Amino acid sequence: PVKKRIVSGVQPTGSIHLGNYLGAIKNWIDLQNAYDTLFFIVDLHAITLPYDTQQLSKATKETAAIYLACGVDPSKASVFVQSHVRAHVELMWLLSSTTPIGWLNRMIQFKEKSLKAGDENVGVALLTYPVLMASDILLYQLLMVSNFCYRRGGAIFKVPEPLIPPAGARVMSLTDGLSKMSKSAPSDQSRINLLDPKDVVNNKIKRCKTDSFPGLEFDNSERPECNNLLSIYQLVTGKTKQEVAEECRDMNWGTFKPVLTDALIAHLHPIQVRYGEIMSDASYLDSVLAEGARKAADIADNTLKNVYQAMGF
Ligand code: ADP
Ligand code: NA
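Quick caveat, the model's predicted, so the values are computed rather than measured.

*Asks:* Go over the domain arrangement of the protein, please, and point to the residues and values.
*Replies:* By convention, interface size is frequently given as the accessible area that disappears when the constituent parts associate. Domain parsing of the protein yields domain 1 (5-165 + 282-310) and domain 2 (188-276). Look at where the C-alpha atoms of domain 1 and domain 2 centre, and you get two points 31 Å apart. The partner domain 2 presents 10 residues to the 11 residues of domain 1 that form the contact. Here the side of domain 1 that touches domain 2 takes four residues from helix α1 (residues 18-34), the largest share from any one element.

*Asks:* Which residues make up helix α6 (residues 125-141), and what values go with them?
*Replies:* With 17 residues, α6 ought to run about 24 Å at 1.5 Å a step, and its terminal C-alpha atoms sit 23 Å apart, in line with that. Listed as buried for α6 are Tyr-129, Val-131, Leu-132, Ser-135, Asp-136, Leu-138, Leu-139 and Tyr-140. In this structure, the buried residues of α6 make contact with β1 (5-10), β2 (36-41), α3 (87-96) and α11 (282-310).

*Asks:* Requested: an account of the nonpolar core, with residues and values cited.
*Replies:* Ranked by internal contacts, the top residues of the largest apolar core, which has 71 residues, are Tyr-67 and Val-79. Of the residues that make up this core, three or more belong to each of domain 1 (5-165 + 282-310) and domain 2 (188-276). Look past the residues within four positions of Val-79 in its chain and what remains in contact with it is Phe-39, Ala-64, Tyr-67, Val-72, Pro-74, Val-288, Leu-289 and Gly-292.

*Asks:* Would you mind going over the packing of helix α7 (residues 198-207) against helix α10 (residues 253-279) in detail, with residue names and values included?
*Replies:* Between α7 and α10, the least distance of the axes is 10 Å, while the angle of their chain directions is 145°. For the pair α7 and α10, the crossing hand works out as right-handed. Contacts from Lys-198, Val-201, Asn-202, Ile-205 and Lys-206 of α7 reach α10 at Lys-257, Leu-260, Thr-261, Leu-264 and Ile-265.

*Asks:* Which residues make up unusual backbone geometry, and what values do they have?
*Replies:* Backbone geometry at Asp-219 places phi at a positive 60°, although glycine is not the residue there. Locating Asp-219 in the fold gives a position in the loop between α7 and α8 (224-237).

*Asks:* Hey, could you go over the packing of α8 against α10 for me, with residue numbers and the actual values?
*Replies:* Interhelical geometry of α8 versus α10 gives an angle of 40° and a closest axis separation of 9 Å. Viewed along their axes, α8 and α10 adopt a mutual orientation that is oblique. Once α8 is placed against α10, the crossing between them reads as left-handed. From α8, Leu-229, Tyr-233, Val-236 and Thr-237 reach across to α10, where they touch Leu-260, Ala-263, Leu-264 and His-267. Its residues placed into classes, the contact of α8 with α10 shows six nonpolar, two polar and no charged.

Parameters and conventions
Residues numbered from 1 in each chain as written. Chains lettered and ligands numbered in written order. Predicted model: local features only at pLDDT ≥ 70, side-chain atom pairs only at ≥ 80, totals over all residues. Domains from an automatic or database assignment. Contact = placed C-beta atoms within 7 Å. Helix = DSSP H or I, 4+ residues; strand = E, 2+ residues; numbered from the N terminus. Expected span 1.5 Å × (residues − 1). Buried ≥ 20, exposed ≤ 12 C-beta atoms within 10 Å, placed from the backbone. Core = buried A, V, L, I, M, F, W, Y, C linked by C-beta atoms within 7 Å. Axes fitted to C-alpha atoms, helices over the stretch in contact; angles between N-to-C directions. Left-handed = near helix turned anticlockwise from the far one by under 90°. Parallel < 35°, antiparallel > 145°, perpendicular 65-115°, else oblique. Nonpolar A, V, L, I, M, F, W, Y, C, P; charged D, E, K, R; others polar.

So, in structure tokens, the structure goes:
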């Protein structure tokens, strides 16, 4: 039987944080055993807003090294850089020619950003990046080429099934508990970065927002910070929710914070050690990315060939 294929990636903008790790990368480690997996660094999506050209390729390599340090295994998964596989950009153009502008105009994010900055200051890619996202997926999901057909007004691909991540994988900001932990949040205090040294982790947890309720509990809507910190603790220790609920029920913040800090440091330390080793061997990382791009291009180029053919080229 053919293994199902999974494609996922993270943008090389800013530091990879606990949200990226617990919400995405950590899950890949299990997925890579059971599925045909492609994990890429989404560099073409990192240029739709003003960015630092000096930083782009550096951040791309660092992100790749983090994937490997977290346990992504190049013998089980193709690890590659999006821009190394030219088919992404090519398919985007082909899909763009049949994507109604109306679909893209409905995006709230674009409306807000273009209203704020003015049409003359916002790049076209900020409107059309969803077409690139569609290409990122469709290039690899199109397993059965015989199912493919093309008619005016729409290309028909194999419709991808979404993979719903396990519950509790949405990590919230440390400073408000209500917004998502994110690379783009202005305050570094709001996130734990995977490469944060011990004292930084310690400080961020010490200063993170809590509440004045007695005891600690999951799922109290008045205590989003408490739910978030217990969930992080659960995910980095591998304990069950039940175990964490019982262990922490009678704790207060003063007793829980050092426990959480130790658990985080214990989980992140081996990742940071491996990251250092990988970054010190540039030729190894380059060879992994070259091999990953070759494997991805094998699949993607074949899809692209069929799309060109279906479109009358
Ligand atoms: P960011 O929002 O930090 O820029 P990306 O948009 O690059 O992150 O997302 C990369 C991956 O990380 C996606 O799979 C996304 O679902 C996941 N992710 C990002 N932030 C979080 C979060 N706070 N909690 C859980 N998963 C997250
Ligand atoms: Na795999």
